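Observations on the model geometry
The lines below spell out each chain.
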Protein chains: 2
Amino acid sequence: MLNVSIYVNMCDTYRVMTTESSSSALAIACCAPLERQPLSAGDAVSIARAMKAMSDPARVRLVSIVTSSASGEVCVCDFTDPLGLSQPTVSHHLKILVDAGILHREKRGIWAYYSLIPGALGSLAELLSRV
Amino acid sequence: MLNVSIYVNMCDTYRVMTTESSSSALAIACCAPLERQPLSAGDAVSIARAMKAMSDPARVRLVSIVTSSASGEVCVCDFTDPLGLSQPTVSHHLKILVDAGILHREKRGIWAYYSLIPGALGSLAELLSRV
DNA sequence: CCTTTTCATCGACACTCATCGATATTGGAG
DNA sequence: CTCCAATATCGATGAGTGTCGATGAAAAGG
């Protein structure tokens with residue numbers, strides 16, 4: 001299917017004019033030249049996906065509880081009470097954080113222990129600097 | 001209304017036991033002590049809100065186009081074509097980025113110029129390090 | 001075997017959000 | 001003042017998401 005843009009502005013007309021002939025029209029146009037190549041659509045999706053993992057207050061607190069733990073390992077039952085959320089909801093958020101590569105899950109006996117993947121938050125911050 | 005937790009686990013029972021009497025039950029429990037205080041609910045909401053602003057691929061690309069611009073100023077008409085989105089949708093995303101304190105909007109004549117607020121992305125990355 | 005405990009998954013619901021077309025608003029040009 | 005171009009806002013809609021209760025899965029113990 002063809003991607004047809006309905007919204008047409010004169011700004012694009014100015015761009016075509018300036019690249020093909022004179023540059024006198026640039027002064028009154030709004031089009032700004034690029035200094036470097038913007039992020040590709042794929043890179044933007046990756047960055048947005050990583051940010052979305054930390055875009056919920058419950059998940060931010062989950063990560064905070066892990067980083068605040070002395071042992072670095074926290075089991076699910078330690079999350080439910082301080083957050084005031086049900087156990088299925090906590091498990092749901094933990095899964096999102098694991099899928100995003102932020103938390104690590106290790107099952108030992110009955111309990112599931114969650115720990116922070118080293119450098120995960122750092123690489124998340126580094127992604128922001130690349131935008 | 002009273003907040004009643006339906007989900008009850010023995011882990012909490014262990015915690016009460018250890019704080020009130022001996023600590024022999026701690027070894028078999030899953031409860032981990034805290035090294036420092038986790039983020040408050042309010043702080044978590046603030047951080048999550050900031051992250052949500054960058055949790056959409058279109059908004060990530062919008063910011064990237066601004067930072068890639070030689071002049072540092074980009075008008076709306078420069079956003080629509082590379083993103084393949086309609087003009088109302090682009091305006092919608094730009095408003096979210098402005099409200100989040102990431103972009104600055106300046107209306108000059110017919111056009112609206114958007115520029116990056118200095119240090120906005122840096123403080124966003126700094127927020128992550130505080131989790 | 002059966003029971004208990006922890007945790008994940010499922011199904012459903014309400015709510016939010018990204019997107020668009022239509023319309024309003026603003027500012028320049030004639 | 002009238003027309004037009006650029007942008008913001010509105011209303012609607014379909015997709016996504018957070019939340020929960022109910023249920024399933026797995027492990028430990030009797």
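Residues numbered from 1 in each chain as written. Chains lettered and ligands numbered in written order. Predicted model: local features only at pLDDT ≥ 70, side-chain atom pairs only at ≥ 80, totals over all residues. Heavy atoms only, no water.

1. Looking at the sheet that holds strand β3 (residues 111-116) of chain A
All names here are of chain A. Going by this rule: By this definition, two strands are paired if DSSP reports at least two bridges between them. Every helix listed is a DSSP run of H or I at least four residues long, and every strand listed is a run of E at least two residues long, numbered separately from the N terminus.
One open sheet holds the 3 strands; their spatial order is β1-β3-β2, and the pairing between them is antiparallel. Whereas interior strands pair on both sides, the edge strands pair on one side only; in this sheet they are β1 (74-75) and β2 (103-108). For β2 and β3, the ladder comprises 6 bridges, and the chain directions are antiparallel. Looking at the pairing, R105 lines up with Y114 of β3.

2. Notes on the pairing of β3 of chain A
Judged from the 2 bridges that link them, β1 of chain A and β3 of chain A form a sheet pairing that is antiparallel. When the sheet's bridge partners are listed, C75 of chain A is paired in β3 of chain A with Y113 of chain A.

3. What to know about the packing of aromatic side chains
Let me state the cut-off plainly: The rule is short: rings of Phe, Tyr and Trp, with Trp giving its six-membered ring, pair when the centres are within 6.5 Å, and they are stacked under 30 degrees, edge-to-face over 60, tilted in between. Geometrically, a lysine NZ or arginine CZ counts as sitting over a ring once it is within 6 Å of the ring centre and also within 35 degrees of the ring normal.
A full pass over the atoms with the stated rule returns 1 aromatic pair over all chains. Positioned above the aromatic ring of Y113 of chain B is the side chain of R108 of chain B, whose terminal nitrogen or guanidinium carbon lies 4.3 Å from the ring centre.

4. So, the confidence of the model for chain A
Residue and element names in this part refer to chain A. Put simply, the rule reads: In predicted models, pLDDT denotes the confidence assigned by the predictor to each residue on a 0 to 100 scale. Contacts: residue pairs with any heavy atoms within 4.5 Å of one another.
Counting all residues, the mean pLDDT for chain A is 83, and 76% of those residues have values of 70 or more. Between the elements of chain A, mean pLDDT differs from a low of 46, seen in helix α1 (residues 10-20), to a high of 98, seen in helix α5 (residues 87-99). Note on residues 1-7: pLDDT is under 50 here. Beyond four places in sequence and across chains, it has 3 contacts. Note that residues 13-28 has pLDDT below 50 and, in this model, 11 contacts with residues that lie over four places away or in other chains.

5. Focus: the protein's contact with DNA strand C
Operational definition: Consider each residue's heavy atoms; a residue with any of them within 4 Å of a molecule or strand counts as near. Under the rule applied, a polar contact is a pair of N or O atoms within 3.5 Å (in protein, one hydrogen donor and one hydrogen acceptor; residues adjacent in sequence only if both atoms are side-chain atoms). Polarity classes work like this: nonpolar for Ala, Val, Leu, Ile, Met, Phe, Trp, Tyr, Cys and Pro, charged for Asp, Glu, Lys and Arg, and polar for all others, with Gly in that last group.
Residues in close proximity to DNA strand C total 28 residues, the closest being Q87, S91, I110 and Y114 of chain A together with H93 of chain B. Within 4 Å of the protein, atoms of DNA strand C come from sugar and phosphate in 72% of cases. Note that a phosphate oxygen of DNA strand C is positioned 2.8 Å from one of the side-chain N or O atoms of T89 of chain B. Elements supplying a minimum of two residues to the surface near DNA strand C: α5 and β3 of chain A together with α1 (10-20) and α5 (87-99) of chain B. It is α5 of chain B that contributes the most residues to the surface near DNA strand C, 5 residues altogether. Grouping the constituent residues of the surface near DNA strand C by class yields 15 nonpolar, 8 polar and 5 charged.

6. Focus on the nonpolar core
General note: in soluble globular proteins, nonpolar side chains tend to be found buried as a group. Worth spelling out the cut-off: Buried Ala, Val, Leu, Ile, Met, Phe, Trp, Tyr and Cys residues form a nonpolar core when they are joined through side-chain atoms within 4.5 Å. Burial here depends on accessible area, computed with a 1.4 Å probe over protein chains only, as a share of the maximum for the residue type. Under 20% is buried, over 50% is exposed, and the range in between is partly exposed.
Counting residues in each nonpolar core, the largest one holds 62 residues, and the members touching the most others are M54 and F79 of chain A together with M54 and F79 of chain B. Beyond its immediate chain neighbours, meaning those up to four positions away, F79 of chain A contacts L62, I65, V66, V74, V90, L94 and Y114 of chain A.

7. A look at the packing of helix α2 (residues 41-53) of chain A against helix α3 (residues 57-68) of chain B
Using the following cut-off: Under this scheme, a helix contributes an axis fitted over its contacting stretch, all axes are lines through C-alpha atoms, and angles between N-to-C directions fall in the 0 to 180 degree range. Left-handed is the label given to a crossing in which the near helix is rotated counterclockwise from the far helix by less than a right angle, and right-handed is the label when the rotation is clockwise.
It is at 8 Å that the axes of α2 of chain A and α3 of chain B come closest, and there the two elements cross at 115 degrees. Two packed elements cross with a definite hand, and for α2 of chain A against α3 of chain B that hand is right-handed. Contacts from A41, A44, V45, I47 and A48 of chain A in α2 of chain A reach P57, V60 and R61 of chain B in α3 of chain B.

8. Thoughts on the sheet that holds strand β1 (residues 74-75) of chain B
All names here are of chain B. Pairing within the open sheet is antiparallel, and its 3 strands lie in the order β1-β3-β2. Both edges of this open sheet fall to β1 and β2 (103-108), since each of them pairs with a single strand only. Lying over the sheet, α5 contacts β2 and β3 (111-116), oriented at roughly 120 degrees with respect to β2.

9. Some words on the protein's contact with DNA strand D
Taken together, 29 residues are adjacent to DNA strand D, and H93 of chain A together with Q87, S91, I110 and Y114 of chain B come closest. Taking the atoms of DNA strand D that fall within 4 Å of the protein, sugar and phosphate contribute 74% of them. Residue R59 of chain A places a side-chain N or O atom 3.1 Å away from a phosphate oxygen belonging to DNA strand D. With respect to DNA strand D, the side chain of R105 of chain B contributes an N or O atom lying 2.8 Å from a phosphate oxygen. Listing elements by their share of the surface near DNA strand D, those giving two or more residues are α1 and α5 of chain A together with α5 and β3 of chain B. Top contributing element to the surface near DNA strand D by residue count: α5 of chain A, with 5 residues. Here the surface near DNA strand D is composed, by residue class, of 16 nonpolar, 8 polar and 5 charged.

10. Focus on the packing of helix α2 (residues 41-53) of chain B against helix α6 (residues 120-129) of chain B
All names here are of chain B. Let me state the cut-off plainly: Any angle that falls under 35 degrees is termed roughly parallel, while one over 145 is termed roughly antiparallel, one within 65 to 115 roughly perpendicular, and all others oblique.
Direction vectors running N to C along α2 and α6 enclose 135 degrees, while the axes themselves pass 10 Å from each other. Accordingly, the angle class assigned to the pair α2 and α6 is oblique. As for how α2 packs across α6, the hand of that crossing is left-handed. Contacts from I47, A50 and M51 of α2 reach α6 at L124, L127 and L128. Here the residues of the contact of α2 with α6 are counted per class, giving 6 nonpolar, no polar and no charged.

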